[in-house]
Amino acid sequence: HPAEKRMGMLAETDLQASKIKRLAAINIAVALVVIVIKYLAYLVSGSVALFSDALESVVNVMTAVTAFAAIRLSAKPPDSDHPFGHHKAEFLAAMFEGAMIAVAAVLILIKAGSALSEGVKFEHSALGIGLNIVASILNGAWAWLLINRGRLWRSPALVADGQHLYTDVITSVGVVIGLTVAILTGWHILDPLIAAVVALNILWMG
């Protein structure tokens, strides 16, 4: 019967919307865990690049909250002001996240410039690198899940947030490489220099 078929489709849509909202809520928690790990990495190492990586993760929290709000809004049924629904909210959130990636790059460049003028001193760098690698693995796996589920459930906000997290993973990889080379060679200036190069790459991606 057409009416029963329509009710079944609506129920399936509601279930999918519920899954998207739940994943977006968990995304905020994951972003907070990652930023704590990265900030600890900075505290134990004193690396400006690790500090910059932690700053970039602050943007991850902001975009995770934005994506969650957009997904909740887009799930609302049509009304008199929005007869075709609120789905555009997700696309606006995706655009906002692109802008936030660019903001993160600028923050990293500012910190790198400061480190170049003031100098860099490392402490427990191996522990800092290890913590950052743990955060990167968590970020990479979570980014894959967000993109995979976002495409499956046709949620541009989840896909955009996953792609944003991939840029964070790229940042972390660049930071770890730069910090490792700086430690092995004794050229501590490489730490902020490579962080700046990674920031420019993120700016382009944003």
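Look up: the structure comes first, before these words.
Just so it is clear, the structure is predicted and the values come from calculations on it, not from any experiment.

Draft legend 1. Geometry of the overall build of the protein chain. Along the protein chain, the regular secondary structure elements total 6 helices and 0 strands. In sequence order, the secondary structure elements of the protein chain are arranged as α-α-α-α-α-α. Going through the 206 residues of the protein chain one by one, you find that 44% of them count as buried. Contacts in the protein chain between residues at least 24 apart in sequence constitute 77% of all its contacts with a sequence separation of at least 6. Here the protein chain has roughly 10900 Å² of accessible surface; of this, 70% comes from carbon and sulfur atoms.

Draft legend 2. Looking closely at the pattern of salt bridges. The full count for this structure, using the stated rule, is 2 salt bridges. Here Lys38 and Asp53 are joined by a salt bridge, their closest N and O atoms 3.2 Å apart. In this pair, Lys38 is assigned in helix H1 (residues 2-45) and Asp53 in helix H2 (residues 48-74), connecting sequence segments 15 residues apart. Accessibility assignment for this pair places Lys38 and Asp53 in one class, buried. Asp168 is paired through a salt bridge with Lys38; the nearest N and O atoms lie 2.9 Å apart. Residue Asp168 is found in helix H5 (residues 156-185), and its partner Lys38 is found in helix H1; the two are separated by 130 residues along the sequence. Judged on exposure class, the residue Asp168 and its partner Lys38 are both buried. When salt bridges with common partners are traced through the structure, they connect Lys38, Asp53 and Asp168 into a single cluster.

Draft legend 3. Highlighting the nonpolar core. One finds Leu50, Ile108, Val120, Phe122, Leu179 and Ile202 to be the most contacted residues of the largest nonpolar core, which totals 20 residues. Within the residue set of this core, elements represented by two or more residues are H2, helix H3 (88-118), H5 and helix H6 (190-205). Discounting residues that sit within four places of it in the chain, Ile108 has contacts with Ser52, Glu56, Thr171, Ala195, Ala199 and Ile202. Judged by nonpolar contacts, the second largest core, of 16 residues, contains Val30, Ala67, Ala157 and Leu165.

Draft legend 4. Spatial organisation of the packing of aromatic side chains. Per the counting criterion, the structure on display carries 2 aromatic pairs. With a centroid separation of 5.7 Å and 50 degrees between ring planes, the pair formed by Tyr39 and Tyr42 is classed as tilted. Remark: Tyr42 and Tyr39 occur in helix H1; sequence separation between them is 3 residues, near one turn of the helix. On the basis of relative accessibility, which here comes to 40%, the residue Tyr39 falls in the partly exposed class. For the ring pair Tyr42 and Phe51, a centre distance of 4.7 Å and an interplane angle of 55 degrees mean the geometry is tilted.

Rules behind the numbers
Residues numbered from 1 in each chain as written. Predicted model: local features only at pLDDT ≥ 70, side-chain atom pairs only at ≥ 80, totals over all residues. Heavy atoms only, no water. Helix = DSSP H or I, 4+ residues; strand = E, 2+ residues; numbered from the N terminus. Buried < 20%, exposed > 50% of the residue type's maximum accessible area, 1.4 Å probe, protein only. Contact = heavy atoms within 4.5 Å. Areas by Shrake-Rupley, 256 points an atom, 1.4 Å probe, with all protein chains shown as cover. Salt bridge = Lys/Arg side-chain N within 4 Å of Asp/Glu carboxyl O. Core = buried A, V, L, I, M, F, W, Y, C linked by side-chain atoms within 4.5 Å. Phe/Tyr/Trp six-rings, centres within 6.5 Å; stacked < 30°, edge-to-face > 60°.

These results come straight from atomic positions and should not be treated as a statement about function.
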